[in-house]
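Structural overview
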Amino acid sequence: MIKTRLKKLRALMSEQKLDAFILIVDERANSESCHYISGFRGSSAGLIISMDEEILITDGRYTTQAKLQSPFKIIIQSEKSIPEYLADAVKSSSYSRVGFEAEKISHAAFTKYFAPVKAEFIDASGLIPKLRRTKDTYEVEKIKQAAKIGRQAYGNLLKKTFIGMSEVEFDVMLLQEIKLLGAEKGWAHDDFIVASGERSAMCHAPATIKKFVQGETVTVDYGAMVEGYMSDITRNFSLGPVSDKAKEINDILLKAHNEAARSLRPGISGKEVDAIARKVIADFGYGKNFLHGLGHGLGLEVHEAPRLSRTSTDILQIGDVVTIEPGIYIEGWGGLRIEDDYLITPAGAECLTINDNQSINTI
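Here the residue index of a chain counts from 1 through its sequence in written order. A pLDDT threshold of at least 70 governs which residues receive local features in this predicted model, and a stricter bar of 80 or more applies before side-chain atom pairs are shown or counted, although totals over entire chains, interfaces and linings include all residues. Computation of side-chain values: all heavy atoms of the structure, hydrogens and water removed.

1. Things to note about the overall build of the chain
- The helix and strand inventory of the chain stands at 10 helices and 19 strands.
- To get the radius of gyration, use the C-alpha atoms; to get the globule rule, take the number of residues to the power 0.38 and multiply by 2.2 Å. On C-alpha atoms alone, the chain measures out to a radius of gyration of 23 Å, which is about the 21 Å that the 2.2 N^0.38 rule sets for 363 residues.
- By the burial criterion, 55% of the 363 residues in the chain qualify as buried.
- Across the chain, the fraction of contacts at a sequence separation of at least 24, relative to all contacts at a separation of at least 6, is 66%.
- Here the open area of atoms and residues is found with the Shrake-Rupley method and a 1.4 Å probe, where only the protein chains shown may cover a residue. In the form shown here, the chain has an accessible surface area of approximately 16000 Å², with 52% of it arising from carbon and sulfur atoms.
- In summary, the charge assignment counts Lys and Arg as positive and Asp and Glu as negative, without counting His or the chain termini. Just so you know, the charge point we use is NZ for Lys, CZ for Arg, CG for Asp and CD for Glu. If you average the places of the 45 positive and of the 49 negative side-chain charges in the chain, the two averages end up 2 Å apart. We count a stretch as a helix when DSSP gives it H or I for four or more residues in a row; a strand needs E for two or more, and each element gets its number in order from the N terminus. Relative accessibility decides the category of a residue: with a 1.4 Å probe and only protein chains considered, values under 20% of the type maximum give buried, values over 50% give exposed, and everything between is partly exposed. We call two residues in contact when some of their heavy atoms are within 4.5 Å.

Right, dumping it as structure tokens:
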């Protein structure tokens, strides 16, 4: 798998006439792309990839891990910082054009380490994201596993949920269920969203000590991680009978979600898919209450390319994994959102989260 990805990267490097490509991981920042192209998942690393060699530089904490995870040549660095080592490696080579990720390295670090080097440094920030966007069968299977664990964990926890339970208790117990079912964690860098009653009008409300109250609805946005790949699911439940208002809004969101999902196919734009769901919601009088884009790409990061929104310029292609997550949020009442994950296929799209439980559950 790594050999295949390297072959594709080198083809892109050749198109840009690059002699080498460097990548830096600093305190986990950019670790997803390092994982993708090298297999290594540590928090500190540097990669230098030429047309005939691939090197991974890390520190002594990761001596064993690097050898286990990556087929790259491993160099354990202690005398210099990783950017300094990479700069020195370029200095001592015959590379004239070197690709780097301007979006991932600070101006200060570039000025200090790379600017003095005689080689020409070319911004190649788009190379790895371009490769990562198209998911292979291995990646799709891991996202499916993460989705299955997430769905099972949520279902298990609903059986234990009660009036008077706090949002934080639900959040902690959901993560525990997810990990006990075999996932590494929930999301890599974000907490789950658990928002009850009026708080659910906030799209990204973190869990608080607020307790669940009879008659309220609760929105839960969560996921699981398997071998670095994540699922992203949003469901809603009611504490007692579902109110007429909640039923109305959920029905609108179901229609918007399903119409948008049916439109998914290679060649359609993210903007077009967003417009389909947005029109359904607007036709029912809630257009101003749909406050965010319809969806986003998903994989090693919970938010990656492509985007489905009013301003998106992305065109969907085979191998994209995207979320569909229309929501309606009413200040003073609350909000609901329904989210599932879809793989773009030659025939349209496949739901990876199995959207068979989109109605509001009753506790």
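2. Considering the pairing of strand β14 (residues 321-324)
- The side-chain alternation of β14 yields two buried faces, one formed by Val 321 and Thr 323 and the other by Val 322 and Ile 324.
- Here, any two strands with at least 2 DSSP bridges between them count as paired. With four bridges joining them, β14 and strand β17 (residues 340-345) adopt antiparallel strand pairing. Looking at β17, one finds that Thr 323 is bridged to Asp 341.

3. A few points about the packing of aromatic side chains
- Aromatic rings from Phe, Tyr and Trp, with only the six-membered ring used for Trp, were paired whenever their centres fell within 6.5 Å, and each pair was classed as stacked if the ring planes differed by under 30 degrees, edge-to-face if by over 60, and tilted otherwise. Tallying each qualifying case throughout the model produces 14 aromatic pairs.
- Centroid distance Tyr 138 to Tyr 229: 6.3 Å. Interplanar angle 85 degrees. Geometry classified as edge-to-face. Of this pair, Tyr 138 sits in helix α7 (residues 137-158) while Tyr 229 sits in strand β10 (residues 229-230), placing them 91 residues apart in sequence.
- A connected cluster of aromatic rings, assembled from ring pairs, spans Tyr 154, Phe 170, Trp 187, Phe 192, Phe 212, Tyr 222 and Phe 237.

4. Remarks on the layout of surface pockets
- Buriedness for pockets is judged along seven lines, at least five of which must meet protein on both sides within 12 Å for an open set on the 1 Å grid over protein atoms alone, while cavities are sets there where a 1.4 Å probe fits but cannot get out, and lining residues have an atom within 4 Å of a point. Grid points are joined across faces, edges and corners, and a volume is the space filled by probe spheres set on the points. Here the largest pocket defines a volume of roughly 380 Å³.
- In terms of lining, the largest pocket is formed by 25 residues, of which the most central are Ile 193, His 204, Asp 221, His 303 and Glu 325.
- Of all elements in the fold, only β12 (295-297) and β13 (304-308) reach the threshold of two or more residues within the lining of the largest pocket.
- Throughout this entry, Asp, Glu, Lys and Arg are counted as charged residues, while Ala, Val, Leu, Ile, Met, Phe, Trp, Tyr, Cys and Pro are counted as nonpolar. The remaining residues, Gly among them, count as polar. Grouping the amino acids of the lining of the largest pocket by side-chain chemistry returns 10 nonpolar, eight polar and seven charged.
- Within this model, the second largest pocket holds a volume of roughly 280 Å³.
- Surrounding the second largest pocket, Arg 28, Ser 31, Glu 32, His 35, Arg 41, Glu 184, Lys 185, Ala 188, His 189, Met 225, Gly 228 and Leu 300 form its lining.

5. Considerations on helix α8 (residues 167-180)
- One less than the number of residues in a helix, times 1.5 Å, gives the span that helix is expected to have. A rise of 1.5 Å per residue sets the reference length of α8, with its 14 residues, at 20 Å; its end C-alpha atoms lie 20 Å apart and thus fit the reference within 8%.
- Residues of α8 that are buried make contact with α7, β7 (193-196), β8 (217-222) and β11 (233-238).
- A positive phi of about 115 degrees marks Gly 182, the residue just after α8.

6. Let's talk about the side chain of Thr 161
- As for its placement among the helices and strands, Thr 161 is situated in the loop between α7 and α8.
- A polar contact is formed between the side chain of Thr 161 and the backbone oxygen of Leu 157, at a distance of 2.8 Å.
- With residues up to four places along the chain from it excluded, the contact list for Thr 161 reads Phe 170, Phe 212, Phe 237 and Ile 363. The term polar contact refers here to a pair of N or O atoms within 3.5 Å; inside protein, the definition further demands a hydrogen-donor-capable atom paired with an acceptor-capable atom, and it admits residues adjacent in sequence only when both atoms are side-chain atoms.

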